[in-house]
Amino acid sequence: MATTTPSRGRRRAPSRMTRAAGKAAALQKPRVILALLLLLALTSVMLLDGYLRSEVGGDERVRSDASSSKVPDDVIDGGPILSFRNGEARSTSVPEKTIALTFDDGPNPTWTPQILKILEENDVPGTFFLVGSMVSRYPSIVNDLVDQGNEVGIHTFTHVDLSYQSNARIEREMDQTQLALAGAAGITTTLFRAPYSSETDAIDNYSWPVYKKLGAEGYTSVFVDTDSDDWKRPGVSKIIKWATPAENKGASVLFHDAGGERSQTVKALGTYIKKMKAKGYSFTTISGAAQQADAAEQQSDAAEQQANGGQPGSGAAPGGQQGQGQQGQGAQGGNALQAAHRTATGTTLYEGKALVAAVAVAEWTVPGLATGLAIVGVAVMGRFGMMLILARRHYRRRNRRRFSWGEPVTRPVSVIVPAYNEKECIANTLRSLAQSTHPIEIIVVDDGSTDGTKEIAEALGMPNVRVVRQENAGKPAALNNGVRHASHDIVVMMDGDTVFEADTVRQLVQPFADPGVGAVAGNAKVGNRNTIIGAWQHIEYVMGFNLDRRMYDLLRCMPTIPGAIGAFRREAVLAVGGMSEDTLAEDTDITIAMHREGWRVVYQEHAKAWTEAPGSLKQLWSQRYRWSYGTMQALWKHRKSLTDKGPSGRFGRVGMPLVVIFQIVTPVFAPLIDVFTVYSMIFIDFKASLLAWLAVLGVQLVCAAYAFRLDKEKYRYLLMMPLQQLAYRQMMYLVLIHSCITALTGGRLRWQKLKRTGEVGTPAGVG
């Protein structure tokens, strides 16, 4: 058996369209990834901002009235400075007539700077126990605070009761605050004060293990001798009275520089310092108080040794001396009042700066987005209101008994049907045209079909049908070819998968009785609406497209004549250069071009066409991606319409801003609204957020119901609207974002053929 080997001819070089398609396909995946990364970045920024404000991961539980049976008595009855040396708890008291001013919950941009000014004026240091989230939000205040000679300690990152938290959460609270301090002031600290703590006798069996754990890690826990209770805002005199130690005792005194309105604290502080100085008190930091106590203890030990016949300074130094000496190592600038500070270096320093930078981004981004989204929300609600008012006016004007476009248009028109591989649909399309009550010639332009579309059209044997064959060149070229072959001055353009009603053409051409009308947009209907995807598109067509067109018609700035059903004056089409191949939205392109030539473009609601909408999410994405990107191309192409004068500039002055704002800008921001809504439901107020979402849905349902009423559609499809808002709407937004990224990165798309089923037949029976 002989075999033949095919000859090896030269490989045919890929065409320009093939190369462009390959390049576009290669760029799509990175653009999708970029869009997802942007969404992920936004979500991360929101979560960070929520974490800083204790909306994410916040825990407001505060333990009280717990037993302290496991806490050593010498700790409960000891001083306010608790450290651990070699696993042994050691309490230190503030020396007599010495005050360590401590401030909790800061920094605060309003109150902390005022308190710092008072301390500086009175030459008094303070110890500030800072909340890490606040440090990361106001790093400059912390840096000023440290530079002024004050000491800082940790007050956790999110101000939670650590006795309720896991070991991992405790470590995270401490580490994140250290990073915030490193990023803000280039330091870390060994001082710690637990939120909601007070005096040492409040230590219980749940918090004691936390103090021991942190003590083993080198932290010194600080408590209170005297509490001003300034957070109660009892008045300046009572704050001063409650902050005054009894009987010349030394004290760790608690004030607050944040966590509420602190004007009374600010007023009381200066007076309090002067009063205590007059009584002979000195002021220091927690580290300063600890060093003074250690020095006094060393002197006492030395005196005792001398009394017992020993040599001063002989023998092992007390643990407190050694420990305090270790604490002072690495202290910033060697300042004894800041002995708890350590200079941040290496990874800690850079991670801290990264945290502060990320928080700065979140601090600007989230409020900015919230403001922007509020503006968008108001604009969208305003648009809904405008749509309802103008749509009602349009309906009443066009359906008045005496309304007329002029003398009835009865002359024949040409119907152009571009077709590329439409074997499933072309027969139904042509049969529907054969029922037309208006005289027509039908021109089928076969754009290089390979599935027998041309043969099917010819086999129908319709006398008023001409089939024009061309090499595959795309839809705009096919339409232009049809216009060149048209015999009449009015041309109707439709898609090869669209079905007309018998009266559609007659209704569509009546506006041409007005000599100023250059083009007419018909009423496109979804024929395959009995699936979920079809029903969603049906709602979109009735509410989004046709309600919009009523509004744009009255404003005389119709942006798009649908490819499924539109009619044009042939002279107007030729005057603007025909269907352009510059964009993927040739229908939008030519509509804007007609406006700029001074023609009026109107909407004829009674001219109905039934089209086959995409039947799968993949096809829907492909179609809407092309529409969105093509619309952007057309708007950019005609950007000079913004400066056009006279009637030709009406679209630029009115239509283009409306399209840009409501078809590009607001949909791009819409996913952010959804993200904010979900965020609010989970982390802030579920009930209020849900009610707000339902209110917006209610407004949309009202608009949709009114649109269905105007188009005499059945309301049962509106039952799909809540699900449409949860799934379909988000997909459309992602498509638009994808298109925006494609436009910004300079990508190009080719015209895409959708898979058809031919299920849209005669319009009768569509329910």
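Residues numbered from 1 in each chain as written. Predicted model: local features only at pLDDT ≥ 70, side-chain atom pairs only at ≥ 80, totals over all residues. Heavy atoms only, no water.

A.B. asks: Just give me the short version of a positive patch on the surface, but keep the residues and values in it.
C.D. replies: Residues Arg-393, Arg-397, Arg-400, Arg-556, Lys-645, Arg-650 and Arg-653 make up a contiguous surface patch of positive charge. Within the fold, Arg-556 resides in the loop between helix H17 (532–555) and strand S19 (565–569). In this structure Arg-556 comes out as partly exposed when scored by relative accessible area, which is 45%. (Patch = residues over 30% accessible without salt bridge, like charges linked within 9 Å, V, L, I, M, F, W, Y side chains within 5 Å. Areas by Shrake-Rupley, 256 points an atom, 1.4 Å probe, with all protein chains shown as cover. Salt bridge = Lys/Arg side-chain N within 4 Å of Asp/Glu carboxyl O. Lys, Arg positive; Asp, Glu negative; His and termini not counted. Charge placed at Lys NZ, Arg CZ, Asp CG, Glu CD. Helix = DSSP H or I, 4+ residues; strand = E, 2+ residues; numbered from the N terminus. Buried < 20%, exposed > 50% of the residue type's maximum accessible area, 1.4 Å probe, protein only.)

A.B. asks: Any chance you could break down the packing of aromatic side chains for me, citing the residues and the numbers?
C.D. replies: For the coordinates displayed, the defined rule picks out seven aromatic pairs. Ring centres of Phe-255 and Tyr-272 lie 5.6 Å apart, and the angle between their planes is 65°; on these two criteria the pair is classed as edge-to-face. Here Tyr-272 lies in helix H9 (residues 263–278) and Phe-255 lies in strand S10 (residues 251–256), a separation of 17 residues in the sequence. When the ring of Phe-403 is compared with that of Trp-405, the centres are 5.2 Å apart and the planes differ by 80°; the resulting orientation is edge-to-face. Looking at Phe-403, the relative accessible area reads 24%, which means it is partly exposed. A relative accessible area of 15% means that Trp-405 is categorised as buried. By way of ring pairs, the aromatic residues Phe-103, Phe-128, Phe-255 and Tyr-272 are connected into one cluster. When the ring centre of Tyr-164 is taken as reference, the NZ or CZ atom of Arg-63 above it lies at 3.9 Å. One residue, Arg-529, lies across the ring of Tyr-717, its end atom 5.7 Å from the ring centre. (Phe/Tyr/Trp six-rings, centres within 6.5 Å; stacked < 30°, edge-to-face > 60°. Lys NZ or Arg CZ within 6 Å of the ring centre and 35° of its normal.)

A.B. asks: Tell me about the environment of Val-380, residues and numbers included.
C.D. replies: If you trace the backbone, Val-380 turns up in helix H12 (residues 346–398). Remark: the alpha-carbon pair of Val-380 and Pro-667, spanning 287 residues in sequence, is separated by 9.8 Å. Residues in contact with Val-380, not counting those within four places in the same chain, are Phe-662 and Thr-666. (Contact = heavy atoms within 4.5 Å.)

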